[in-house]
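Understanding the architecture of this molecule
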Amino acid sequence: MTPRPPPTATRAQNQATAATGGLGTTDKHPVRRMLGVVMRVGISGVLLVLLIWRAPSFDADEMWPDFNSATPFWLVAAFALTVAGNVVATARWYEVASALGLRVKPRRLFSHYMAGMFISNFVPTTVGGDVLRMTRLANDTDDGPHSFASVLLERLSGWIVLPVFTLLGLALDEELRGLGAPTRVAASTAGLTLLALVLILILVGNQRFGRWVSKHNGWVRFVNGLHTGIDELRAKPRDAGRVLLTAFAYQAVMLTAAGCAAKVVGINGLGPTELMAFIPAMLIIQVLPISLGGLGLREGALVLFLHELGVIDERAIAMGLLLYFLTVAGSLMGLPTLVFGGRRWQKAARSRRAP
């Protein structure tokens, strides 16, 4: 008789199935999944059509300016910075994992991060890439709750930094504070994001909440891992400081990449404060789970934020599309890590099944 896999292996298999969106397994809800994909594609298409329709005298030729000798430089720089951002994001995750006592090599984390990036950009699911990262790290460390907490805390650190950049950019530039709707949308997006984060941290970090979740099994034990992780970071201010430092470094790299992308499409008037004020707000808006990869949302946000700065709508749309394709291209290196990087993970799972 084939021995029954222990609970940890079974749970890891279930998490892996969720992470890959059911790839290679029997999907229990194929119709629902397909409908979700169709809806997101449809919403992205509608948003893009509305942007073009509402643009005054839309001219597709204005989206892409004539290439000049500097264009290849800005394009290569934008792509290189996008890839470098993935390295810095991995460093941010490494700092969180180390603070939580997880021992894993940076190159292993980079493999997991890039595999998750590929899933997020090529499989139409909102959190599949993060679940894949949690699963593979848990199988490397045999610590599911802390692995879960490391991914969520890494994400939360980025969400803390984004609104700070926006508010700092607005504070440093008086002209940006008087743009009307762009200023109000950027400021309110940053303010609401910070408020939501504070509420989450207060709830999850509350000791009474921690005692409650510690008494439950199942998925609640992973929430307890997040609670414990917040407690551990609170007790290690130096480690928490390193996490925030790498989070700021990551967003600084991505803002610079966005500035290079603007140059590619012929937008020359974006300085540091404009990038700080509006690009983070755009990044927050584009993750709303109603479109495919933020298509339509990102471009609409750029049209709103940049129009009052004298940027024509066609160029703002082009910049948004270029940022999307840079992200997708940068995540392609995650394909080999997705295919081959899980072999050790699979070997660990098989070893747990052994009698």
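The structure presented is a predicted model; accordingly, all values stated were derived computationally and were not measured. (Residues numbered from 1 in each chain as written. Predicted model: local features only at pLDDT ≥ 70, side-chain atom pairs only at ≥ 80, totals over all residues. Heavy atoms only, no water.)

What follows deals with the overall build of the protein. On a plain count of helices and strands, the protein comes out with 15 helices and zero strands. Taking all 355 residues of the protein together, 49% fall into the buried category. Here the protein displays about 17800 Å² of accessible surface, and carbon together with sulfur accounts for 66% of that area. (Helix = DSSP H or I, 4+ residues; strand = E, 2+ residues; numbered from the N terminus. Buried < 20%, exposed > 50% of the residue type's maximum accessible area, 1.4 Å probe, protein only. Areas by Shrake-Rupley, 256 points an atom, 1.4 Å probe, with all protein chains shown as cover.)

Another aspect to go through is helix α10 (residues 237–264). Compared with an ideal rise of 1.5 Å per residue, which puts 28 residues at 40 Å, α10 spans 41 Å between its outermost C-alpha atoms and is within 8% of the ideal. Of the residues trailing α10, glycine 266 is marked for its positive phi of about 90 degrees. (Expected span 1.5 Å × (residues − 1).)

Here we take up the packing of helix α12 (residues 297–307) against helix α13 (residues 313–331). At a closest axis distance of 8 Å, the pairing of α12 and α13 adopts a crossing angle of 140 degrees. Classed by the angle they form, the pair α12 and α13 counts as oblique. Classified by chirality, the crossing of α13 by α12 is right-handed. The segment α12 lies against α13, with Arg298, Glu299, Leu302, Val303, Leu306 and His307 engaging Asp313, Ala316, Ile317, Met319, Gly320, Leu321, Leu323 and Tyr324. (Axes fitted to C-alpha atoms, helices over the stretch in contact; angles between N-to-C directions. Parallel < 35°, antiparallel > 145°, perpendicular 65-115°, else oblique. Left-handed = near helix turned anticlockwise from the far one by under 90°. Contact = heavy atoms within 4.5 Å.)

Take the pattern of salt bridges next. Taken as a whole, this structure holds eight salt bridges when the rule is applied. Here arginine 133 ties to glutamate 154 by a salt bridge, and the two come within 2.9 Å at their closest N and O atoms. You can see arginine 133 sitting in helix α5 (residues 128–141) and its partner glutamate 154 sitting in helix α6 (residues 144–172), a full 21 residues away along the chain. Pair check on accessibility: arginine 133 and glutamate 154 agree, each one buried. Taken together, the shared-partner salt bridges connect Arg92, Asp130, Arg133, Glu154 and Arg155 into one network. (Salt bridge = Lys/Arg side-chain N within 4 Å of Asp/Glu carboxyl O.)

We note that aspartate 142 has phi near 60 degrees; this positive angle belongs to a residue other than glycine. Residue placement: aspartate 142 occurs in the loop between α5 and α6.

What follows covers the nonpolar core. One finds Ile267, Ile279, Leu302, Phe305, Leu306 and Met319 to be the most contacted residues of the largest nonpolar core, which totals 46 residues. Only α3 (71–99), α6, α10, α11 (272–286), α12 and α13 provide two or more residues apiece to this core. Broken down by element, the residue count for this core peaks at ten residues, all from α13. Contact partners of leucine 306, with chain neighbours within four places excluded, come to Ile267, Leu270, Val311, Ala316 and Met319. Residues Tyr113, Met114, Ala149 and Leu226 belong to the second largest nonpolar core, which totals 29 residues. (Core = buried A, V, L, I, M, F, W, Y, C linked by side-chain atoms within 4.5 Å.)

To continue, consider a nonpolar patch on the surface. A surface patch of nonpolar side chains, about 450 Å² in accessible area, is lined by Val46, Val49, Leu50 and Trp53. Residue placement: valine 49 occurs in helix α2 (residues 30–54). Among the residues examined, valine 49 registers a relative accessible area of 55% and is labelled exposed. (Patch = residues over 30% accessible without salt bridge, like charges linked within 9 Å, V, L, I, M, F, W, Y side chains within 5 Å.)

A word on the confidence of the model for the protein. With 81% of its residues at a pLDDT of at least 70, the protein reaches an overall mean of 82. Long-range and interchain partners of residues 1–26, a stretch whose pLDDT sits below 50, account for 33 contacts in this model, where long-range means more than four residues apart. (pLDDT = per-residue confidence, 0-100.)

Looking now at the side chain of glutamine 251. As for its placement among the helices and strands, glutamine 251 is situated in helix α10. Contacts of glutamine 251, omitting those with residues within four sequence positions, involve Arg92, Gly158, Val161, Leu162, Phe165 and Leu283.

Here we come to the environment of leucine 172. Tracing the sequence through the fold places leucine 172 in helix α6. Along the sequence, leucine 172 and glutamate 274 sit 102 residues apart, while their C-alpha atoms lie 9.8 Å from each other.

With 19 residues, α13 should reach 27 Å at 1.5 Å per residue; the first-to-last C-alpha distance of 28 Å fits that figure. Among the 19 residues in α13, 16 count as buried, and that is most of the element.

Now for the packing of aromatic side chains. If you walk through the whole model with that rule in mind, you get four aromatic pairs. Arranged with centres 5.1 Å apart and planes meeting at 70 degrees, the rings of phenylalanine 73 and tryptophan 74 form a pair that is edge-to-face. Take tryptophan 74: its relative accessible area is 26%, and that puts it in the partly exposed class. (Phe/Tyr/Trp six-rings, centres within 6.5 Å; stacked < 30°, edge-to-face > 60°.)

Mapped onto the elements of the fold, valine 104 is located in the loop between α3 and α4 (106–122). Residue classification places valine 104 among the buried residues on the basis of a relative accessible area of 13%. Once the C-alpha coordinates of valine 104 and tyrosine 94 are considered, the two residues, ten residues apart in sequence, prove to be 8.1 Å apart. Apart from residues lying up to four places away in sequence, valine 104 is in contact with Tyr94, Leu109, Leu137 and Asp140.

Viewed as axis vectors pointing N to C, α3 and α4 meet at an angle of 120 degrees, and their least axial separation amounts to 9 Å. Compared by their axis directions, α3 and α4 come out oblique. Both α3 and α4 take part in a crossing whose hand is right-handed. Of α4, the residues touching α3 (which contributes Asn86, Val87, Ala89, Thr90, Trp93 and Tyr94) are Pro106, Leu109, Phe110, His112, Tyr113, Met114 and Met117. Split by residue class, the contact of α3 with α4 holds ten nonpolar, three polar and no charged. (Nonpolar A, V, L, I, M, F, W, Y, C, P; charged D, E, K, R; others polar.)

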